[in-house]
Amino acid sequence: MQHLRGTLIHYPWGTFDTIHELLGTEPDGRPLAEYWLGAHTLAPSPIDNTTLDKAVAERPEWLGTASVDAFGPQLPFLMKILSARHPLSLQAHPSRAAAEEGFAAEEAAGVPLTSPQRVYKDAWPKPEIMVALTPFHTLCGFRDPMETIALFEALGGGPQIERIVSPLRTRAGEVGLQEIFLKVLALSEQETDLVDAVLAAAITHRDAEGAVGVFARTALELDDVFPSDPGILAALLMNRVELEPGQALYTPAGVMHAHLRGTGIEVMASSDNVLRGGLTSKHIAVDELVRVVDFTWNDPEVIDGTETTPGVWDYPTHCREFDIVRLEVGPGSALSLPEPEGARIALVTRGSLSLSDDERTLELAQGDSVFIPAGNPPITASGNAQVFLASPGTLGPI
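Residues numbered from 1 in each chain as written. Predicted model: local features only at pLDDT ≥ 70, side-chain atom pairs only at ≥ 80, totals over all residues. Heavy atoms only, no water.

1. Some details on the overall build of the protein chain
Moving on, step 1. Helix and strand counts for the protein chain stand at 11 helices and 22 strands.
Moving on, step 2. Its C-alpha atoms give the protein chain principal-axis dimensions of roughly 70 × 50 × 40 Å.
Moving on, step 3. Within the protein chain, contacts between residues at least 6 apart in sequence are counted, and of these 75% link residues at least 24 apart.
Moving on, step 4. Across the protein chain, the mean location of the 27 positive side-chain charges is 4 Å away from that of the 54 negative side-chain charges. (Helix = DSSP H or I, 4+ residues; strand = E, 2+ residues; numbered from the N terminus. Contact = heavy atoms within 4.5 Å. Lys, Arg positive; Asp, Glu negative; His and termini not counted. Charge placed at Lys NZ, Arg CZ, Asp CG, Glu CD.)

2. Thoughts on the pairing of strand 17 (residues 323-329)
Moving on, step 1. In terms of residue burial, strand 17 counts as a mostly covered element, since five of its seven residues are buried.
Moving on, step 2. The pairing of strand 16 (residues 312-314) with strand 17 spans three bridges and is classified as antiparallel. By the bridge assignment for strand 17, Trp313 is matched with Arg326.
Moving on, step 3. Alignment of strand 17 against strand 22 (residues 380-391), held across seven bridges, turns out to be antiparallel. (Buried < 20%, exposed > 50% of the residue type's maximum accessible area, 1.4 Å probe, protein only. Pairing = 2+ DSSP bridges.)

3. So, the pattern of salt bridges
Moving on, step 1. Summed over all chains, the structure comprises 14 salt bridges.
Moving on, step 2. Its salt-bridge partner being Glu107, residue Arg118 comes within 3.0 Å of it at the nearest N-O pair. Taken together, the positions of Arg118 in the loop between helix 4 (96-108) and strand 8 (128-132) and Glu107 in helix 4 put the pair 11 residues apart, joining distant regions of the chain.
Moving on, step 3. What makes Arg118 buried here is its relative accessible area of 5%.
Moving on, step 4. With its nearest N and O atoms 2.3 Å apart, the salt bridge here joins Arg169 to Glu153. (Salt bridge = Lys/Arg side-chain N within 4 Å of Asp/Glu carboxyl O.)

4. Examining the packing of aromatic side chains
Moving on, step 1. Under the counting rule described, the total for this entry stands at eight aromatic pairs.
Moving on, step 2. Ring centres of Phe152 and Phe215 lie 5.1 Å apart, and the angle between their planes is 90 degrees; on these two criteria the pair is classed as edge-to-face. Of the two residues, Phe152 sits in helix 5 (residues 145-155) while Phe215 sits in helix 9 (residues 210-225), which places them 63 residues apart along the sequence. Just as Phe152 is buried, Phe215 falls in that class too.
Moving on, step 3. Site record: aromatic cluster; members linked through ring pairs are Phe142, Phe181 and Phe295.
Moving on, step 4. Against the face of Trp124 rests Arg96, its NZ or CZ located 4.7 Å from the ring centre. (Phe/Tyr/Trp six-rings, centres within 6.5 Å; stacked < 30°, edge-to-face > 60°. Lys NZ or Arg CZ within 6 Å of the ring centre and 35° of its normal.)

5. Thoughts on helix 4
Moving on, step 1. Over its 13 residues, helix 4 runs 18 Å from end to end, which matches the ideal 18 Å to within 8%, given 1.5 Å per residue.
Moving on, step 2. Of the surrounding secondary structure, the elements contacted by the buried residues of helix 4 are helix 11 (286-292).
Moving on, step 3. Trailing helix 4 by a residue or two, Gly110 shows a phi angle of about 75 degrees, which is positive. (Expected span 1.5 Å × (residues − 1).)

6. What about unusual backbone geometry?
Moving on, step 1. The backbone phi angle of Leu279 is positive, close to 55 degrees, even though this residue is not glycine.
Moving on, step 2. Among the secondary structure elements, Leu279 is positioned in the loop between strand 13 (275-276) and helix 11.
Moving on, step 3. With phi around 60 degrees, His318 is a residue other than glycine that occupies positive phi space.
Moving on, step 4. Along the chain, His318 falls in the loop between strand 16 and strand 17.

7. Overview of the pairing of strand 11 (residues 248-251)
Moving on, step 1. Bridge count between strand 8 and strand 11: four bridges; the pairing is antiparallel. The partner of Ile129 across the bridge, within strand 11, is Tyr250.

8. Describing the packing of helix 6 (residues 159-170) against helix 7 (residues 173-185)
Each pair of packed helices gets described by two things: the angle between the helix axes and the distance between those axes.
Moving on, step 1. The N-to-C vectors of helix 6 and helix 7 enclose an angle of 155 degrees; their axes lie 7 Å apart at closest approach. The angle between helix 6 and helix 7 falls in the class roughly antiparallel. Seen along the crossing, helix 6 lies across helix 7 with a hand that is right-handed. In this structure, helix 6 contributes Ile164, Val165, Pro167 and Leu168 to the contact, and helix 7 contributes Gly176, Leu177, Glu179, Ile180 and Lys183. (Axes fitted to C-alpha atoms, helices over the stretch in contact; angles between N-to-C directions. Parallel < 35°, antiparallel > 145°, perpendicular 65-115°, else oblique. Left-handed = near helix turned anticlockwise from the far one by under 90°.)

9. Examining the nonpolar core
Moving on, step 1. In terms of nonpolar packing, the biggest core is built from 50 residues, with Leu90, Phe142, Phe152 and Met256 touching the most fellow members.
Moving on, step 2. Here the element with the most residues in this core is helix 8 (residues 193-204); it accounts for six residues.
Moving on, step 3. Those residues in contact with Met256 that sit more than four places away from it in its chain are Leu90, Gln91, Ala92, Leu139, Cys140, Gly141, Phe142, Phe181, Met238, Gly277, Leu289 and Val293.
Moving on, step 4. Core analysis: the next-biggest nonpolar cluster, separate from the first, contains 34 residues, Ala55, Ile265, Ile324 and Ala343 among them. (Core = buried A, V, L, I, M, F, W, Y, C linked by side-chain atoms within 4.5 Å.)

10. Quick look at helix 6
Because an α-helix packs 3.6 residues into every turn, residues spaced three or four apart end up facing the same way.
Moving on, step 1. With 12 residues, helix 6 should reach 16 Å at 1.5 Å per residue; the first-to-last C-alpha distance of 16 Å fits that figure.
Moving on, step 2. For helix 6, the full list of buried residues reads Gln160, Ile161, Ile164, Val165, Pro167 and Leu168. Taken around the axis of helix 6, the buried residues stretch over an arc of 140 degrees, which confines them to a single face. Residues Pro159 and Thr170 are exposed on helix 6 and point more than 90 degrees away from its buried face.
Moving on, step 3. Elements that come into contact with the buried residues of helix 6 comprise helix 5, helix 7, helix 8 and helix 10 (231-235). (Arc of directions from axis to C-beta.)

11. Topic: the side chain of Thr263
Moving on, step 1. Examined against the element boundaries, Thr263 turns out to sit in strand 12 (residues 257-269).
Moving on, step 2. For Thr263, a relative accessible area of 6% corresponds to the buried category.
Moving on, step 3. Residues in contact with Thr263, not counting those within four places in the same chain, are Thr18, Ile81, Leu82, Ser83, Ala132, Leu133, Thr134 and Phe136.

Next comes the structure, spelled out in structure tokens:
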């Protein structure tokens, strides 16, 4: 095991000081959205005198035989601190099959990786899990259409509202959701009267209790960042989820989502494939959205974590590319780090601790991280700290 440094990622929606406070670094006035720990080629983590992508390519034994057999000589997961002060764009991520097909098609067509029209930056899927460090608000998946009709009707707004919900009444299930979602994306700047009617109705219900109040406040929260954007209507078709610290939400491929605000630990397959579906000035590939997005509705499952052994909390997803556990190391106690197949990355999010194997001891403070190669001797953690440990998921036969 050895110390690993992350890469700072600046996006406009990031917070100004939250990640800096966690890492113990000085804010520089720019919004800081993410801190990447992994081997993705866009922002690989420095390790020793190289970067992690180059290190594992030169020493694939660090990944373990099962991981190399499943994914090739590449770390299959990416770990992040994510901190949002306002909503992100609506987006979904492809399955492995869709990513491989889409990437190959764009490569064959000669679309540059840097082109604004480029959709697939790599051939990997991007399922992901978010574990909240602070109260975390997000949109995830589509709400039951009957509930959505009831919420729009409760807002009022007259015949304009009926223009939105009529496809949900007349078309069955996901067909109606797809129709209205695509219709919203096709609205022109001259058709924002529909959005404005919903926002005007939302203002009258902004202080309401219950689901209608949450619905109205979500519309207004989005309008603060994306004024009169038609994507607001698409977002209002979706479930709003609020996570408390320690709770998690898994987002599989194909599920439309958008983080609203909060800070957490995000782990995903090592990909940068994003299909945007509104609330953005970037390219929206409508045909790919239809091919990739799952328009069925669901009630997102909040994962509280399972304490598998004292002080070790697992967040199961059954995802092959990654797994994540949370360790709560108390004073005077010692925990054995879980030993899944493959390489691991550990990040200290609170306190300080020692990691010891039969070869060395590393002293870690809040914000420090380590890379643990496959086959590393068993590791004991002691001190007073919260630690997140990312690794590949179950690597048996598909």
